[in-house]
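Observations on the model geometry
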Amino acid sequence: MVRTESSKRWLRRQQTDPFVKQARAEGYRCRAVYKLLEIETRYKILQGARIIVDLGASPGGWSQVLARKYAAHPQPPLLIAVDKLPMHAIPGITFLQGDFEEEPTLCLLKDLLREQFVDVVLSDMAPNATGHAKTDHLKNMVLVESAYNFAMQNLANNGRFVAKVFQGGTEGHLLTTLKKDFEKVMHVKPKASRPESREVYVVATGFRKLRFS
Ligand SMILES: C[S@@+](CC[C@H](N)C(=O)[O-])C[C@H]1O[C@@H](n2cnc3c(N)ncnc32)[C@H](O)[C@@H]1O
């Protein structure tokens, strides 16, 4: 099998990455779990949640974190995961396969919610990388804005919103809006986020529902 330079680099990185090793040892599907675990440790975004929506959920690392957290809970929250790619089932997770950019997916998601408000919207959605930083940034911003629009319409008062953002210059407007809608807006670069990546997470807490009613 002929490997390209970039796939050789990827393989070398996978073989030496401590988070990949830790994820394997702990039975997680991917190293991304350590990003959510760090965010949760620092900001307690999941505390008291009754409904959590995980956007861009496949292969299922973040959903595994949610499922494990509530496995022994007497009244676990409704945990809904959405991805355009398939995902192997995880007990406790309701998985919806569909493109979040498309209306039918949003309609199915609304059906699952049955007019209830959501406490936490997580978005780890990422476009297929083109390798061109500006293009990847713009494609990512489209996904972040869709997640944010969904959050605006469906979050409960005091809700939390977490989204992966590839920094690239056009995220300023969204951040200004978020600061009006939430009590606190933080930028987080978890240790498991590769230093060379332009990825950061926006963590917004204390949604002000009344602004929209
Ligand atoms: C970095 S991965 C998410 C990893 C996940 N958080 C985990 O822990 O396993 C990004 C995901 O976003 C999904 N995605 C990208 N665009 C999407 C869209 N328009 N609708 C739904 N999912 C999307 C991709 O299919 C991909 O699975």
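Look above for the structure.
A few points on the structure. Note that the coordinates shown come from a computational prediction; the quantities given were computed from them, not determined experimentally. (Residues numbered from 1 in each chain as written. Predicted model: local features only at pLDDT ≥ 70, side-chain atom pairs only at ≥ 80, totals over all residues.)

Here we look at the overall build of the chain
We apply this condition: Elements are defined by DSSP. Helices are runs of H or I of four residues or more, strands are runs of E of two residues or more, and each kind is numbered from the N terminus. Radius of gyration here is computed from C-alpha atoms only, and the compact-globule reference equals 2.2 Å multiplied by the residue count raised to the power 0.38. Exposure classification rests on a simple neighbour count of other C-beta atoms within 10 Å of a residue's own: a residue reaching 20 or more is buried, one at 12 or fewer is exposed, and one in between is partly exposed. C-beta atoms are placed from the backbone.
Helix and strand content of the chain: seven helices and seven strands. Ordered by position from N to C terminus, the α and β elements of the chain give α-α-α-β-α-β-β-α-β-α-β-α-β-β. Against the 2.2 N^0.38 benchmark of 17 Å for 213 residues, the chain shows a C-alpha radius of gyration of 17 Å, consistent with a compact globule. Within the span of the chain, comprising 213 residues, buried residues form 31% of the whole.

With respect to the packing of helix H3 (residues 33–43) against helix H4 (residues 61–70)
Rule in force here: Angles run from 0 to 180 degrees between N-to-C directions of axes, and those axes are lines fitted to C-alpha atoms, restricted for helices to the stretch in contact. Any angle that falls under 35 degrees is termed roughly parallel, while one over 145 is termed roughly antiparallel, one within 65 to 115 roughly perpendicular, and all others oblique. What makes a crossing left-handed is the near helix being turned counterclockwise from the far one by less than a right angle; a clockwise turn instead makes it right-handed. Any pair of residues counts as being in contact when their C-beta atoms, constructed from backbone geometry, are within 7 Å of one another.
Interhelical geometry of H3 versus H4 gives an angle of 45° and a closest axis separation of 8 Å. The orientation of H3 relative to H4 falls into the category oblique. Of the two elements, H3 crosses H4, and the hand of that crossing is right-handed. Every residue of H4 that contacts H3 at Val33, Leu36 and Leu37 is listed here: Gly61, Trp62, Gln64 and Val65.

Looking at the sheet that holds strand E1 (residues 51–55)
Let me state the cut-off plainly: Two strands form a pair only when DSSP identifies at least two bridges running between them.
Here seven strands make up an open sheet; going across it, the order is E3-E2-E1-E4-E5-E7-E6 and the pairing mixed. The strands lining the two open edges of the sheet, one partner per strand, are strand E3 (94–97) and strand E6 (182–188). Each strand axis lies, on average, 15° off the axis of its neighbour in the sheet, ignoring direction. For strand E5 (residues 155–166) and strand E7 (residues 199–207), the ladder comprises six bridges, and the chain directions are antiparallel. Bridged to Ala163 within E7 is Val202. Helix-sheet contacts for helix H6 (residues 133–154) involve E1, strand E4 (118–123) and E5, and the interaxial angle to E5 is about 175°. Lying on the sheet, helix H7 (residues 172–181) is in contact with E6 and E7; it crosses E6 at an angle near 140°.

Details of the environment of Leu122
Its location among the elements puts Leu122 in strand E4. Separated by 66 residues in sequence, Leu122 and Gly56 place their C-alpha atoms 8.5 Å apart.

With respect to unusual backbone geometry
Here the residue pair Ser58 and Pro59 is connected by a cis peptide bond, since its omega of 10° sits within 30 degrees of zero. Checked against the element boundaries, Pro59 lands in the loop between E1 and H4. For Arg114, which is not glycine, the phi dihedral falls at a positive 45°. On the neighbour-count criterion, Arg114 (7 C-beta atoms within 10 Å) is exposed. With a phi close to 70°, Asn158 is a non-glycine residue in the positive phi region. Secondary-structure assignment places Asn158 in strand E5.

Focus: the site of the ligand
Under the convention used in this document: All residues are tested the same way: a C-beta atom is placed from the backbone, and lying within 6 Å of a molecule or strand makes the residue near it.
Residues in close proximity to the ligand total 23 residues, the closest being Ala32, Gly56, Gly61, Phe100 and Asp124. Those elements that place two or more of their residues in the shell around the ligand are H4 and strand E2 (78–83).

Concerning the nonpolar core
For clarity, the cut-off: A set of buried Ala, Val, Leu, Ile, Met, Phe, Trp, Tyr and Cys residues, joined through C-beta atoms within 7 Å, is what we mean by a nonpolar core.
Val121, Ala147, Phe161 and Val162 are the most contacted members of the largest nonpolar core, which totals 46 residues. When sequence neighbours within four positions are dropped, the list of residues in contact with Val162 reads Ile39, Ile45, Leu122, Ser123, Tyr201, Val202 and Val203.

Section: the pairing of E4
When you tally the buried positions in E4, you get six out of six residues, the bulk of the element. With four bridges joining them, E1 and E4 adopt parallel strand pairing. Bridged to Leu55 within E4 is Ser123. As paired strands, E4 and E5 are joined by five bridges and run parallel to one another.

Structural notes on the environment of Ala89
Positionally, Ala89 belongs in the loop between E2 and E3. In this structure Ala89 comes out as exposed when scored by C-beta crowding, with 9 C-beta atoms within 10 Å. For the pair formed by Ala89 and Pro59, sequence separation is 30 residues and the distance between their alpha carbons is 9.9 Å.

With respect to the pairing of E7
In the sheet, E6 pairs with E7 via six bridges, with the strands oriented antiparallel. Residue Met186 lies in a different strand from E7, and its bridge partner there is Val203.

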